[in-house]
Amino acid sequence: MSKLPATGTNIFTIMSALATTHQAINLGQGFPDYQMDATLVNLVHTAMQEGFNQYVPMSGYTPLLQTLANKIETLYHHQINPATDITITPGGTYAIYTALISILHPGDEVIVFQPCYDSYIPNIIINGAIPVLVDLEFPGFTIDWEKVKSKITHKTRAIIINSPHNPTGTILYENDLLALQQIILDTNIIIISDEVYEHIVFDNEKHESVLKYPELANRSFACFSFGKVFNATGWKLGYAVAPQHLMNEFKKVHQYNAFSCNSPMQVAIHHYLQQPDSYRQLSTIQQQKRDYFSELIKTSKFNLLPSKGSFFICADYSGISTEPDTQFAIRLTEQYKIATIPLSVFYENKTDNRIIRVCFAKKESTLQQAAEKILSI
Ligand SMILES: Cc1ncc(COP(=O)(O)O)c(C=O)c1O
C-alpha cells in the first residue's frame, strides 16, 4: 500500500516536460537559465585537484561551518556553535524533510500555510502526522495570526513558515515574526523556517530570519539552499541551523541517510563566501529582472501581483480567460509557448484564483522573448 496515496508526479516535472515537448520558454520551474559565477566553478575544480574528494565530517566541512556561523552572526546577530548547531545537507528540501522526520510522531499536527512549496505536505503525511492548513489571506497572501492561533491544539508539534515565499513572492515582516513568537510562547511548538531565498529580497526590505529573534531561534530549524544563492540549483546543496538539542535529533537521521555531502563544493563555497559580495548583490540582480519583466509586459492583459522577494511573481489572468488555472497554464504552453505554474497546485484543495506563477530568474533575452509572446495574447 502506498504511503503517499494522494501524491502523483509533481507539477514542475509535468510543466517542464510540456515545455520541452512544445519548445516553450520555461518560466515555470524556479531555476536560472544563465551561467553561475565562473569563479565558484573554478574553486570547485581547484578543490578537486587539491584532493578534496573524500568524505568530509558528517555535519559538513569544518571551515565552511565556521564561515556560515560567522555569516549568521554578521547578518542576524545570532551566535551559533558551528560544531553542534549546523549541518550541511543535499539541498534545502532535504533539510526541511530531515527536520520534520526528526521531530514528528504519528498524530502530531503541523500548521502549514497554503499556497505552499509542494514538499511540505507529503513530508508531514509520510511521518504519520497531520497537516493543518491555514490559507494566506487573498490577494495579499498575508498571514492572519489570529487564525493561526485558533488552529493551535495540544497536538501542534510544528509550524512551517517560508519567507521569501514560493509561490507568491511575498515576505514576512518583523511584525509577523513577533506575532509568531507571541503565539507560541507557552507551547512546545517547533518552527521550520524555509529561508532558501534569504538573499533575494526587494525594494530595500530586509530578510527577517528566525535567527534574528532569540525566542524563535531557540526552537527553530532554519533551512537554507546554496543552489538558490549561487545560481546552482543542480548542485542540491544547503544547510540547516538549529539549537543543539534539535540539531542532535536531526543528525541522528542525517547520519544514516546522506551521512555527508559533496566535499569539493563545500570547500569551494567556504572560499567563495569570504567575499560577501557573492550574496549581497543577489537582491539587486533579481530585482532588476523583476522590474525588467514587469515593464516589458505592463501593457499586457495580465495583472501582476506585488513580488517582494524570491524568483517569482504572480500574474492574474482573469482579464483574459475564465478557464481553470491548470487548463490555462497548459494552453499557454501549447498555444503561446510559455510554460508557467498554475497557483492552484500549491493548494491542497486546489483553490483557483485565476493566477499563474512566473519565474523571472532568467536571461534578459529569455524575458524579452517571453514578453513578446505574452503581449500577443
Ligand atoms: C520554498 C523553497 N524551499 C526549498 C526549495 C528547494 O531548495 P533545494 O533545491 O536546495 O532543495 C525550493 C526550490 O524551489 C523552494 O522554492
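Every value quoted in this text rests on a predicted model; they were computed, and no experiment measured them.

Rules and cut-offs
Residues numbered from 1 in each chain as written. Predicted model: local features only at pLDDT ≥ 70, side-chain atom pairs only at ≥ 80, totals over all residues. Heavy atoms only, no water. Helix = DSSP H or I, 4+ residues; strand = E, 2+ residues; numbered from the N terminus. Buried < 20%, exposed > 50% of the residue type's maximum accessible area, 1.4 Å probe, protein only. Polar contact = N/O pair within 3.5 Å; in protein donor to acceptor, adjacent residues only side chain to side chain. Near = heavy atom within 4 Å. Areas by Shrake-Rupley, 256 points an atom, 1.4 Å probe, with all protein chains shown as cover. 1 Å grid on protein atoms, 1.4 Å probe; cavity = no way out; pocket = protein on both sides within 12 Å on 5 of 7 lines; lining within 4 Å. Sits in = over half its atoms within 2 Å of the grid points. Nonpolar A, V, L, I, M, F, W, Y, C, P; charged D, E, K, R; others polar. Arc of directions from axis to C-beta. Contact = heavy atoms within 4.5 Å. Core = buried A, V, L, I, M, F, W, Y, C linked by side-chain atoms within 4.5 Å. Domains from an automatic or database assignment. Points joined across faces, edges and corners; volume = space filled by probe spheres on them. Pairing = 2+ DSSP bridges. Axes fitted to C-alpha atoms, helices over the stretch in contact; angles between N-to-C directions. Phe/Tyr/Trp six-rings, centres within 6.5 Å; stacked < 30°, edge-to-face > 60°. Lys NZ or Arg CZ within 6 Å of the ring centre and 35° of its normal.

Participant: So, the environment of Lys337: which residues are in play, and what are the values?
Facilitator: Topologically, Lys337 is positioned in the loop between α14 (325–336) and β11 (338–339). What makes Lys337 partly exposed here is its relative accessible area of 29%. On a C-alpha basis, the gap between Lys337 and Gln275 in space is 40 Å, while along the polypeptide they are 62 residues apart. A polar side-chain atom of Lys337 sits 3.0 Å from the main-chain carbonyl oxygen of Glu334.

Participant: Can you explain the site of the ligand? Please cite residues and give values.
Facilitator: In the vicinity of the ligand, the contacting residues are Gly91, Gly92, Thr93, Tyr117, Asn162, Asn166, Asp194, Val196, Tyr197, Ser225, Lys228 and Lys236. Here Asn166 contributes a side-chain N or O atom positioned 2.7 Å from an oxygen atom of the ligand. Take Asp194: an N or O atom from its side chain is 2.6 Å from a nitrogen atom of the ligand. Isolated, the ligand exposes 400 Å² of accessible area, and the fraction of that covered by the protein chains is 93%. With respect to the pocket detection grid, the ligand is positioned in the largest pocket. In terms of residue class, the shell around the ligand is built from three nonpolar, six polar and three charged.

Participant: Which residues make up α14, and what are the values?
Facilitator: Every buried residue of α14 is accounted for by Asp325, Phe328, Ala329, Leu332 and Thr333. Viewed along the axis of α14, the buried residues span an arc of 135°, placing them on a single side of the element. Where α14 is buried, its residues contact α1 (11–21), β11, β12 (341–342) and β13 (355–359).

Participant: Lay out the nonpolar core in plain terms, naming residues and giving numbers.
Facilitator: Ile159 and Phe226 are the most contacted members of the largest nonpolar core, which totals 97 residues. Residue contributions to this core peak at six residues, all from helix α3 (residues 62–76). Formed jointly, this core draws a minimum of three residues from each of two domains, domain 1 (11–30 + 281–375) and domain 2 (52–275). Aside from chain neighbours lying at most four places away, what touches Phe226 is Leu64, Leu68, Ile88, Leu237, Gly238, Tyr239, Ile269 and Leu273.

Participant: Mind laying out the layout of surface pockets, listing which residues take part and the relevant values?
Facilitator: In this approach a probe as big as a water molecule rolls over the atoms, and the regions it shows empty are the leftover space. By volume, the largest pocket is sized at about 1100 Å³. In terms of lining, the largest pocket is formed by 45 residues, of which the most central are Asn10, Phe12, Tyr117, Asp118 and Ser119. Of all the secondary-structure elements, those providing two or more residues to the lining of the largest pocket are α1, α4 (92–103), α5 (120–125) and α9 (226–229). Residue contributions to the lining of the largest pocket peak at five residues, all from α5. For the lining of the largest pocket, a count of residues per class yields 21 nonpolar, 17 polar and seven charged. The two domains that each donate at least three residues to the lining of the largest pocket are domain 1 (11–30 + 281–375) and domain 2 (52–275).

Participant: I'd like a description of the sheet that holds β12, backed by residues and values.
Facilitator: Hydrogen bonds between backbone groups are what pair the strands of a sheet, and the pairing can be parallel or antiparallel. Here four strands make up an open sheet; going across it, the order is β9-β10-β13-β12 and the pairing antiparallel. At either end of the open sheet lies a strand with only one pairing partner, and these are β9 (303–304) and β12. In terms of strand pairing, β12 meets β13 through two bridges, oriented antiparallel. By the bridge assignment, Pro342 is partnered in β13 with Ile356. Packed on one face of the sheet, α14 meets β12 and β13 and runs near 45° to β13.

Participant: If you had to explain the packing of aromatic side chains to someone new, which residues and values would you point to?
Facilitator: This model, assessed by the stated rule, comprises 17 aromatic pairs. Between Phe230 and Tyr272 the ring centres are 5.2 Å apart and the planes differ by 80°, which places this aromatic pair in the edge-to-face class. Residue Phe230 is found in the loop between α9 and β8 (238–241), and its partner Tyr272 is found in helix α11 (residues 263–272); the two are separated by 42 residues along the sequence. Looking at Phe230, the relative accessible area reads 5%, which means it is buried. Residue class for Tyr272 comes out buried when judged on its relative accessible area of 10%. Among the aromatic residues, ring-to-ring pairing joins Phe224, Phe226, Phe230, Tyr239 and Tyr272 into one connected group. A cation sits over an aromatic face here: Lys362 above Phe31, 3.8 Å from the ring centre.

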